[in-house]
Amino acid sequence: EDGHQFAMIQSFSKNFGLYGHRVGALSVVGATAEEAKRVASQMKLVIRPMYSNPPRHGARIVSTILSDAQLTHDFISQCKGMADRINKMRGVLQSRLEETGSRHSWGHISKQIGMFAYSGLSKDQVMEMRQRHHVYCTADGRISMAGVTSGNVDYIANAIHDVSK
């Protein structure tokens, strides 16, 4: 209506655990069918040198799941279950860190969302934690919350506390 066109990119690689499979979609809305043909032609010029035939199996997995109501329901339910577990572990990790007697504020761990949490540890603290406790995260202190479980959360909290005193 106002003359603006838009493009939308969706990636299914992370959501479906299909890393490296280039599973996703680029949708472009044009004003006319002719414009759509011109955009598609330009997109083909860009992608053609990158690959001849993209892998199909990842896209077929996603299509199979999203085309079946029960599989879609199961997928959403399982994602929610994983997200709920990660969120619960965020709260437990924060509580355990507070219970260690740490003078630091750990509320940021529970306030973040997603599979990762920025701990606030410095690079030196991360390296010390690796060396002394064999707890691994990225050098900037980013922790994979998917790897924090009820079986290791106390150990992780104590390791973080030890290097952040």
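Structural data are supplied above this passage.
Remember, it's a predicted structure, so these values are computed and weren't measured experimentally. (Residues numbered from 1 in each chain as written. Predicted model: local features only at pLDDT ≥ 70, side-chain atom pairs only at ≥ 80, totals over all residues. Heavy atoms only, no water.)

Student: What exactly am I supposed to notice about the pattern of salt bridges here?
Tutor: Pairing between side chains of opposite charge can happen when the charged atoms of each approach one another. Taken as a whole, this structure holds five salt bridges when the rule is applied. Between K80 and D84 there is a salt bridge, with its nearest N and O atoms 2.8 Å apart. One end of the pair, K80, and the other, D84, are both in helix α3 (residues 69–99), four residues apart, so they sit about a helical turn from each other. The salt bridge involving R96 is made with D154; its shortest N-O contact spans 2.5 Å. Separated by 58 residues along the polypeptide, R96 in helix α3 and D154 in helix α6 (residues 153–164) bring together distant segments of the chain. Among the residues examined, R96 registers a relative accessible area of 29% and is labelled partly exposed. The class of D154 is partly exposed, set by a relative accessible area of 39%. (Salt bridge = Lys/Arg side-chain N within 4 Å of Asp/Glu carboxyl O. Helix = DSSP H or I, 4+ residues; strand = E, 2+ residues; numbered from the N terminus. Buried < 20%, exposed > 50% of the residue type's maximum accessible area, 1.4 Å probe, protein only.)

Student: When you look at the environment of L97 in this model, what are you seeing that I'm missing?
Tutor: Looking at the secondary structure, you find L97 in helix α3. Taking the C-alpha atoms as reference points, L97 and G107, 10 residues apart in sequence, are found 10.0 Å from one another. Excluding its chain neighbours within four sequence positions, the residues that come into contact with L97 are S102, W106, I109, A157, I160 and H161. (Contact = heavy atoms within 4.5 Å.)

Student: Whenever I open this one, unusual backbone geometry confuses me. Can you help?
Tutor: A negative phi angle is the norm for most residues apart from glycine, just as the trans form is the norm for most peptide bonds. You will see that H134, though not glycine, has its phi angle at about 60°, which is positive. With respect to the helices and strands, the residue H134 is situated in the loop between α5 (123–133) and β4 (142–144).

Student: I'm lost on the packing of aromatic side chains in this one. Help?
Tutor: Each aromatic ring pair is specified by the distance between its two centres and by the angle formed by the two planes. By the definition in use, this model includes two aromatic pairs. Both rings, one in F12 and one in F16, keep their centres 6.0 Å apart while their planes meet at 75°; by these two values the pair is edge-to-face. Judged by its relative accessible area of 18%, F12 is buried. Each residue in the set F12, F16 and F75 is aromatic and connected to the rest through ring pairs, giving one cluster. The ring of F116 has R142 lying over it, and the distance from NZ or CZ to the ring centre is 4.0 Å. (Phe/Tyr/Trp six-rings, centres within 6.5 Å; stacked < 30°, edge-to-face > 60°. Lys NZ or Arg CZ within 6 Å of the ring centre and 35° of its normal.)

Student: Is there a simple way to think about the side chain of T72 in this case?
Tutor: Inspection of the secondary structure puts T72 in helix α3. In this structure the side chain of T72 is engaged in a polar contact, spanning 2.7 Å, whose partner is the backbone oxygen of I65. Among all residues touching T72, those that are not within four sequence positions of it are I65, L66 and S67. (Polar contact = N/O pair within 3.5 Å; in protein donor to acceptor, adjacent residues only side chain to side chain.)

Student: I keep staring at the packing of helix α2 (residues 57–66) against α3 and nothing clicks. Help me out?
Tutor: To characterise two packed helices, one gives the angle between the axes of the helices and the distance between these axes. Viewed as axis vectors pointing N to C, α2 and α3 meet at an angle of 105°, and their least axial separation amounts to 6 Å. In this view, α2 runs roughly perpendicular relative to α3, as classed from their interaxial angle. Contact residues: T64, I65 and L66 in α2; L71, T72 and F75 in α3. (Axes fitted to C-alpha atoms, helices over the stretch in contact; angles between N-to-C directions. Parallel < 35°, antiparallel > 145°, perpendicular 65-115°, else oblique.)

Student: Help me understand a nonpolar patch on the surface in this model?
Tutor: On the surface, F6, M8 and V29 cluster together to form a nonpolar patch covering roughly 270 Å² of accessible area. For V29, a relative accessible area of 37% puts it in the partly exposed group. (Patch = residues over 30% accessible without salt bridge, like charges linked within 9 Å, V, L, I, M, F, W, Y side chains within 5 Å. Areas by Shrake-Rupley, 256 points an atom, 1.4 Å probe, with all protein chains shown as cover.)

Student: In this structure, what is going on with the nonpolar core? I would like to understand it.
Tutor: Across soluble globular proteins, you tend to see nonpolar side chains buried next to one another. Of all hydrophobic cores here, the largest spans 22 residues; its most connected members are L93, L97, M129, M145, V148 and I160. Those elements that provide at least two residues to this core are α3, α5 and α6. Among the elements that line this core, the one with the most residues is α6, at six residues. Not counting chain neighbours up to four residues away, the residues in contact with M129 comprise L121, H134, V135, C137, A159, I160 and V163. Of all hydrophobic cores here, the second largest spans seven residues; its members include F12, L18, V62 and I65. (Core = buried A, V, L, I, M, F, W, Y, C linked by side-chain atoms within 4.5 Å.)

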